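Chain by chain, the residues run as shown.
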Amino acid sequence: MFTKSFAVAFISQVVVITLVTASSFAQPSGRGGGFSSMMGGGGMSPDYMLRDIQKFNLALQLSEDQLVIVEQILRDYDESFREASDASREGIGSSFSSMRGSEDDPERQRRNELRTQSRELRDKLESAKKLDSDTDTTQLQKELSKKIDSIREEMQQQRTDAWQSPERQAAMEEMALLMQDQLRLKHQMKVELEGDLVAILTEEQLALWPALERQLIRDRLLQLGRLSGESVDIMALVEQQEYEDAVLIDILPAIEEWDVHVSAALEARDLHMIETQGTIMSSLHSTDTSATVGVLAAQSELAEAVRDINDNAVESISLLLSADKSTLFNNEAKLKGYPRIYRTTRVERAYAAAKELEDLEADILQAIIELEEAMLIELAYSNEQIYLETHRWESQEQIDRVNRFSQRMSGGSSERAESPIRIASNAKSAIEDNFISQLKMLLTEEQIKTLGGLETNEERDEARRNENAESGRGNRGGGWGGSEGGREEFMNRFDKDGNGEISESEREAIRDHFRSMRDQNGGQGQGYEIGCGVG
């Protein structure tokens, strides 16, 4: 059991290290997927860096003599690692270049010709589609589409032949050997450095070493997550809240548990990635990427383990906090880990700005406030659906991308399955569109112009949909706010001239409708909306 002074000291120590790490000394990182990132990431990234000297000194309170020795150890490591990784990177780059061939290579020239022809044909096809309805271009479109398909098939066959060529196979084998050598050297250098460091520490400093080692692991690996929620630094998030000591003591067990578990999970994830790079290279060398898919499936499970540890820590800490602090912490953690889901939307900003408009009638302001309340309920539900689908499908969709790559390389088809995450996100977009439309119905043209940016997602995406009509999004329903029938009912009710637009006189009828509904509800304004059939 920790005493209060020890607990506060522990929190202070790890938080200071976290702050140092999060600001000036953050390790370089990048997020991405695919074979190139997996092949280059593990072996070419050092386990320690020269700037880690300040972390060592801060956490272990090194003496002047120890500081000199540690700095020299890190300098020697840095110089040796750079020299080895530069040589490996140069060799791998040379192998990649040999696979691409020269500019004079006839096959490469043919690929460039096919790309040019494909672009020209697509431009002609788009132009044919845009001709007025009086011109029949059906036959022309069929001929152009047939030519495009023929070029696509030839390009696919070229990719398959190139992938299976002896030259490419030899280059892949050479890269596999270079990477395996680099990985062995990296592990050896890490063991030697840690042995040299531990040898100069006192017993008191050795007791602090495991916590520092875990911190260094998190600094290096936490930010490399590829899944939503996988890169959340719980300790840094706690520090940002600036809790008083008594609160820190209460949540210390949850922080310590996260510290131990996430560090172990990160090491397991990193070790698996490093150990299986040889398998990936062998898989590419044999053109049988089934082994790679198996590796990615295992890697996804390890990544999900890190993400789940983070999510569980957020839940545990939230349970230990008071209600107001718990809500704030949970919201900030969700925003940090899942920004694409929980960041403030354009429609939320629009409603907030609309409430600040000058000369806004009281009834209209109240209608906007109550629509906003309904909107927030709908968005919260949609966010939860996206969150659940992201947890369930995000890693699988990454594996599916590799499967499609494998199928293309073997000459097969690679159709993309409909994404549950995208379906849930599209339902949210439909809700946003509906509430944007309803807000515009309550405002005058001048007020709409003052706010600006009140186009719906459908309006903003119209040009892109026209360019890619074949991959249409389908019917995006979900929630009463996203109901297509709701808008149709509304237009039937208030669009008296049937022109599909709301005039100023029709807009005034909408305002009268709101005033009437408020009177019926005794001025409370509860339970009404515009034309969506919810009472």
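Because the structure is predicted, anything quoted here is derived from the model rather than measured. (Residues numbered from 1 in each chain as written. Predicted model: local features only at pLDDT ≥ 70, side-chain atom pairs only at ≥ 80, totals over all residues. Heavy atoms only, no water.)

1. Things to note about the nonpolar core
The tendency in soluble globular proteins is for nonpolar side chains to be buried side by side. Test applied: In these notes, a set of buried Ala, Val, Leu, Ile, Met, Phe, Trp, Tyr and Cys residues joined through side-chain atoms within 4.5 Å is what counts as a nonpolar core. Only protein chains enter the calculation, and the probe is 1.4 Å; a residue is then buried if its accessible area is under 20% of its type maximum, exposed if over 50%, and partly exposed in between. Put simply, DSSP H or I for four residues or longer makes a helix, DSSP E for two residues or longer makes a strand, and each gets a number counted from the N terminus. In what follows, residue pairs with any heavy atoms lying within 4.5 Å of each other are defined as contacts.
Formed by 26 residues in total, the largest nonpolar core has its most connected members in Ile234, Val238, Tyr243, Ile251, Trp258, Ile317 and Phe329. Secondary structure elements with two or more residues in this core: helix 8 (203-221), helix 9 (234-241), helix 10 (245-275), helix 12 (290-320) and helix 13 (323-337). Non-local contacts of isoleucine 251, meaning those with residues more than four positions away in its chain, are made with Val238, Tyr243, Ile317, Leu320 and Leu321. Within the second largest apolar cluster, 20 residues are counted, among which are Ala354, Leu360, Ile364 and Leu439.

2. Observations concerning unusual backbone geometry
Of note in this structure, glutamate 242 is not a glycine but carries a positive phi near 55°. Mapping glutamate 242 onto the fold places it in the loop between helix 9 and helix 10. Judged by its relative accessible area of 69%, glutamate 242 falls in the exposed class. Phi angles above zero are rare outside glycine, and aspartate 359 is one such case at about 60°. Note on placement: aspartate 359 falls in the loop between helix 15 (346-354) and helix 16 (362-409).

3. Observations regarding the packing of aromatic side chains
Put simply, the test is: Put simply, two rings from Phe, Tyr or Trp (the six-membered ring, in Trp's case) pair if the centres are within 6.5 Å, and we call them stacked under 30 degrees between planes, edge-to-face over 60, tilted for the rest.
If you walk through the whole model with that rule in mind, you get six aromatic pairs. A centroid spacing of 6.3 Å and a plane angle of 80° characterise the contact between tyrosine 48 and tyrosine 77, whose relative ring orientation is edge-to-face. You can see tyrosine 48 sitting in the loop between helix 2 (35-44) and helix 3 (53-60) and its partner tyrosine 77 sitting in helix 4 (residues 64-100), a full 29 residues away along the chain. Tyrosine 77 shares its class with tyrosine 48; the two are buried. Relative to tyrosine 387, the ring of tyrosine 338 lies with its centre 5.0 Å away and its plane at 70°, an arrangement referred to as edge-to-face. With tyrosine 338 in the loop between helix 13 and helix 14 (339-342) and tyrosine 387 in helix 16, the pair connects residues that are 49 residues apart, well separated along the chain. Across the pair, exposure class does not vary: tyrosine 338 and tyrosine 387 are buried alike. Site record: aromatic cluster; members linked through ring pairs are Tyr48, Phe56, Tyr77, Phe81 and Trp209.

Worth remembering: the numbers are spatial, not functional.
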